[in-house]
Structures are given as C-alpha cells and as structure tokens.
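Descriptive analysis of the structure
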Amino acid sequence: MSILVTGGTGYIGSHTVVELLNAGKDIVIIDNFSNSKREVLDQIKQITKKDFKFYEINYLDREDLKNVFEENKIEAVLNFAGYKAVGESVEKPIEYYMNNVSGALVLLDVMREYKVKKFIFSSSATVYGDPQTIPITEECTIGGTTNPYGTSKLYIEQILQDLYKSDNSWDIAILRYFNPVGAHESGLIGEEPNGIPNNLMPYISQVAEGRLKELSVFGNDYSTPDGTGVRDYIHVVDLAKGHIKALEKLDKESKGIYTYNLGTGKGYSVLDMVKTFERVTNKKVPYKIMPRRAGDIATSYADPQKAKQELNWQTEKGIEEMCEDTWKFIVKNKDNKKHPNN
Ligand code: UD1
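Scoring rules and cut-offs
Residues numbered from 1 in each chain as written. Predicted model: local features only at pLDDT ≥ 70, side-chain atom pairs only at ≥ 80, totals over all residues. Heavy atoms only, no water. Pairing = 2+ DSSP bridges. Helix = DSSP H or I, 4+ residues; strand = E, 2+ residues; numbered from the N terminus. Axes fitted to C-alpha atoms, helices over the stretch in contact; angles between N-to-C directions. Contact = heavy atoms within 4.5 Å. Salt bridge = Lys/Arg side-chain N within 4 Å of Asp/Glu carboxyl O. Buried < 20%, exposed > 50% of the residue type's maximum accessible area, 1.4 Å probe, protein only.

**Focus on the sheet that holds strand β4 (residues 74-79)**
The seven strands lie next to each other as β3-β2-β1-β4-β5-β6-β11, forming an open sheet whose pairing is parallel. Each having just a single partner strand, β3 (53-56) and β11 (257-262) make up the two edges of the open sheet. Across the sheet, the mean angle separating the axes of adjacent strands is 15 degrees when strand polarity is ignored. Sheet analysis places strand β2 (residues 27-31) next to β3, joined by four bridges and oriented parallel. Of the residues in β3, the one forming a bridge with Asp31 is Glu56. Where helix α6 (residues 148-166) meets the sheet, its contacts fall on β5 (118-124), β6 (171-177) and β11, and the angle it forms with β5 comes to roughly 150 degrees.

**So, the pattern of salt bridges**
A complete count under the given rule lists 22 salt bridges for this structure. In this structure, the salt-bridge partner of Arg62 is Asp109, at a minimum N-O distance of 2.6 Å. Of the two residues, Arg62 is situated in helix α3 (residues 62-71) and Asp109 in helix α5 (residues 93-113); the sequence distance between them amounts to 47 residues. Using a relative accessible area of 32% as the deciding quantity, one classes Arg62 as partly exposed. With a shortest N-O distance of 3.7 Å, Lys249 and Glu310 are connected by a salt bridge. One end of the pair, Lys249, is in helix α8 (residues 236-252); the other, Glu310, is in helix α10 (residues 305-311), and 61 residues separate them in sequence. For Lys249, a relative accessible area of 7% translates into the label buried.

Structure representation (structure tokens):
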C-alpha cells in the first residue's frame, strides 16, 4: 500500500516526503513542476537513500490521475498541489480557483471512485481572516479571507466538511499551517520562490545574499511590542512531521474529520526575524520602514494544544534553527549552481 503525495516536489511537499520515507512508508509522488524543480526528486533520494515512484502529471487531468490509482494500491492521499502566491491570486483568481479548488475536487472524485478515503489537506492559518482571539484555537471562526488564495483554502475546507457529512466513511485531517520557514538540515531542499518573494523569510534571505537591496518592513505602527507584524514561524521539518502524526491519527482513530493548527504557539515580529537572521548568519539585512501592506493583520500565532494532545506532536526547532537552515540551503544551492556536477 502506498501514500500518494500531490505536489511532492514543492516546498512543504518535499520535506514531508522525506519524513514519510524516513518513517518507512511507500510513496508515490505526482507533480507537474509548475513551481518546483525536477532536481528535487534526486535531492530527496540523496537525503533518504530511498526510492519512490514518480509521475509527471497535472492533478486536474482526471485520466492521468486515474492511471496512478490503477497502477498503485493507494491507501491515503496528502494534497500539497496548489498555487500559493497571495498577490498573484488577486491577479489571477480563475487560475487559483481552478487549480486549487477544481484540482482538489478532481482528486477527491477519483479517490472516491477507487474507494480511497483517507485524506490530509494543507490548509492555512489564513482561513481565520482577522482572528477573533490570540492565540488562535481551532474553535475560532473562519472566514473573512482577503485574497483568492486564502479563499480557495476556505472553500476546500468547506467541501471536505460537506463530503464527510455526506459519507462518514471518509477519514480527513485538515492542517492549518502558520508561517512555514527554514529548510532541511542537509541544505539540499528548501524554498525556492519564483521571482521576487512575497513572504518575509525568503525576502530576508535574498537581501542577505545581496540579490535584493533592502527589506521593506510593512508597517511599524501595529499594536505589537515593536510595532511590526507578529507571526508564528514554524520550521518546515517540524511542519512535515506534523503530517506523519496526522496520518498515524487517521490510521488508528475511528473515522472522522479532524482540524489542527500546526504552529509553535510563539509569535515573533518582523524585526525579531531580521535581527535573529543577522545574528546567526553574520550577514547584514538592511531594511526600511514602509506603510502597512494591504490585507495584513497585526498578530497571528497558534494555540497548538490540540495537536499536542491529540497528535502527540509539538515543534522542536526555534527561530535560530529556522534562520540557520534557510541560509544553509541558500549557500548550498549557490554552490550547486556554480558546480552542477557536485
Ligand atoms: C502570508 C499570506 C498567507 C499565506 C502565508 C504563507 C497574506 C495576507 N497572507 O502570510 O495567506 O498562507 O503568507 O506563508 O499575504 N513582511 C514585511 N516585508 C516583506 C514581507 C513580509 O514586512 O517583504 C511582514 C508582513 O507584513 C507580516 C510578516 O512579515 O507581518 C509575515 O509576512 P509573510 O511572510 O508574507 O506571511 P503572512 O502575511 O503572515
């Protein structure tokens, strides 16, 4: 029996694949490299010394997807396929809803056809909109998303709730990620955003690298300790491990639909991140204070107690390690580009 991972060469997908392989699982990856590179497949093999099946397909293509289910005995699906750039989603709502929502629907429909009903969905803390309370518990109202990317996550969550209501032989985990950063400690896989990054950590690291001149800090007049936005940054390897725990839960628990926040429970400001990055890497990150960015909130961090109690999962890596591993990946990647045969 295998676990199907859609989007398995992407940032969070690839790190989760490594943890699945380390846990001894058989896996099948599908990806169309829309926002990732083929080399990631080799990097995963290098890290884990394990092999897996791979199909270069688009999960919107029902026939191709069915073929994967025909050729493999799939027991569960982890869905990382999806577009994730907030700004781009505002420009291209049709593409975002098509890829994220229709893609999920095709996937669920094919799963139903093959009687595979175990599903883990990558959601986001963005579904809380402007959260009612801090720290954010899973009980907080969801809605009020400010862009099609966030709304696509919200819609898929609703679809999953309706699906479970219609047929309670499904077994579903919805994982709401806070702010994933960092990279695998090997420096072999990490985040490689296309173009100019939107998210804080990739932006900071490109400034440190000298590819970008300075960081714009979006607002220093929030009601936070230093006035800049506060977020719950979570190391991507901790996040990946959360998926293994969620899968274990679905395996042993009676059928159900479960929702978990995956975060550390700690909030750090933009300037905390800048200073920590500078300290651990010994690089300068020049910045200037700019107006607030539309759609941003002051503070977001998780109450991770539910995941701790029910999944027996908690984060282990702090912001130093997040910064260190981000930098290690950048440096190693640069080396590989200079010496591609290394
Ligand atoms: C954003 C998305 C969220 C998505 C997440 C993925 C919005 C409103 N939310 O979250 O839907 O799931 O990314 O990780 O876009 N900042 C700067 N300068 C920068 C970039 C960011 O000051 O160049 C600040 C932001 O104002 C914020 C913090 O850094 O306070 C984190 O920003 P970012 O990494 O973009 O994540 P979120 O906005 O929390």
